[in-house]
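What follows is each chain in one-letter form.
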Amino acid sequence: MRRVLLVVAGLGLAVPAVAQPKVNIEQSFADSLTTMPKAELGVSGGFYVPAYSSVTMSQGKLRVDFSVTLSVHNASESLPLVVRRIAYFDTAGKMVENYLKSPVALKPLATISIVIPTDDVRGGTGANFIVDWAAASEIAEPVVEALMVGGVANAHYAFVSQGRPTRTVGKK
């Protein structure tokens, strides 16, 4: 299900690309993290998440830039979720950023997020994330979404792009 909120009025100008400061998930989300499970990670999967950092409008004459917030939610009430990779790709499929130095374990019902600011347009109109995850045993499938927010003049736009599972290995 895709949720959309649109408010339209006016047009504006785009700004140049600026690199996002490196995110340290271990520091920024210390309260959401737990120790890595000692058991073998027998269940794993991945998500593809479209993330529109820029959208063309007015028959391609205008580019509107959006901030993007990727959220990875552990939907399990009792088990940790291991996030192995969060990678951001541009329209051409070239990796822009890899956000994890090493895997992290999320507490039950915890969330981590990555924010791509509005002025970072390196992803372009076809940007996307790949999120790889694992768990020691059967677990509720994580919820992975991107929220895009932006505007032009007096018009403001917000929409959500839900991650699509790319694979699941192990018991499910």
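Residues numbered from 1 in each chain as written. Predicted model: local features only at pLDDT ≥ 70, side-chain atom pairs only at ≥ 80, totals over all residues. Heavy atoms only, no water.

Asker: A description of the overall build of the chain should follow, citing residues and the corresponding values.
Answerer: When helices and strands are tallied, the chain shows one helix and 13 strands. For the chain, the α and β elements follow one another from N to C terminus as β-α-β-β-β-β-β-β-β-β-β-β-β-β. In the chain, which comprises 172 residues, the proportion classed as buried is 43%. Nonlocal contacts in the chain, meaning residues at least 24 apart in sequence, comprise 80% of its contacts between residues at least 6 apart. (Helix = DSSP H or I, 4+ residues; strand = E, 2+ residues; numbered from the N terminus. Buried < 20%, exposed > 50% of the residue type's maximum accessible area, 1.4 Å probe, protein only. Contact = heavy atoms within 4.5 Å.)

Asker: Let's hear about the pairing of strand 10 (residues 128-135): which residues, and what values?
Answerer: Among the eight residues of strand 10, eight are classified as buried, and the element is accordingly described as predominantly covered. Of the two faces of strand 10, the one carrying Asn128, Ile130, Asp132 and Ala134 and the one carrying Phe129, Val131, Trp133 and Ala135 are both buried. Pairing between strand 6 (residues 81-89) and strand 10: seven bridges, direction antiparallel. Note on strand 10: the bridge partner recorded for Ile86 is Val131. (Pairing = 2+ DSSP bridges.)

Asker: Outline the environment of Asp31, listing residues and values.
Answerer: Within the element layout of this structure, Asp31 appears in the loop between helix 1 (25-28) and strand 2 (33-34). A relative accessible area of 70% means that Asp31 is categorised as exposed. When the C-alpha atoms of Asp31 and Ala110 are compared, they prove to be 8.6 Å apart, with 79 residues separating the residues in sequence.

Asker: Please provide a residue-by-residue account of the nonpolar core, values included.
Answerer: Counting residues in hydrophobic clusters, the biggest one holds 38 residues, and the most contacted among them are Leu70, Val72, Val83, Ile86, Ile112 and Phe129. Contributing elements (two or more residues each) for this core: strand 3 (43-50), strand 5 (62-73), strand 6, strand 8 (104-106), strand 9 (111-116), strand 10, strand 11 (143-152) and strand 12 (155-162). By residue number, the principal contributor to this core is strand 5, which donates six residues. Those residues in contact with Val72, other than ones at most four positions away along the chain, are Leu81, Val83, Ile86, Leu106, Ala110, Thr111, Ile112, Val131, Val143 and Val144. (Core = buried A, V, L, I, M, F, W, Y, C linked by side-chain atoms within 4.5 Å.)

Asker: Please give an account of the side chain of Asp132 that cites residues and values.
Answerer: As for its placement among the helices and strands, Asp132 is situated in strand 10. A polar side-chain atom of Asp132 sits 2.9 Å from a polar atom in the side chain of Arg85. With sequence-adjacent residues up to four places away left out, Asp132 is seen in contact with Gly45, Gly46, Val82, Val83, Arg84, Arg85 and Arg167. (Polar contact = N/O pair within 3.5 Å; in protein donor to acceptor, adjacent residues only side chain to side chain.)

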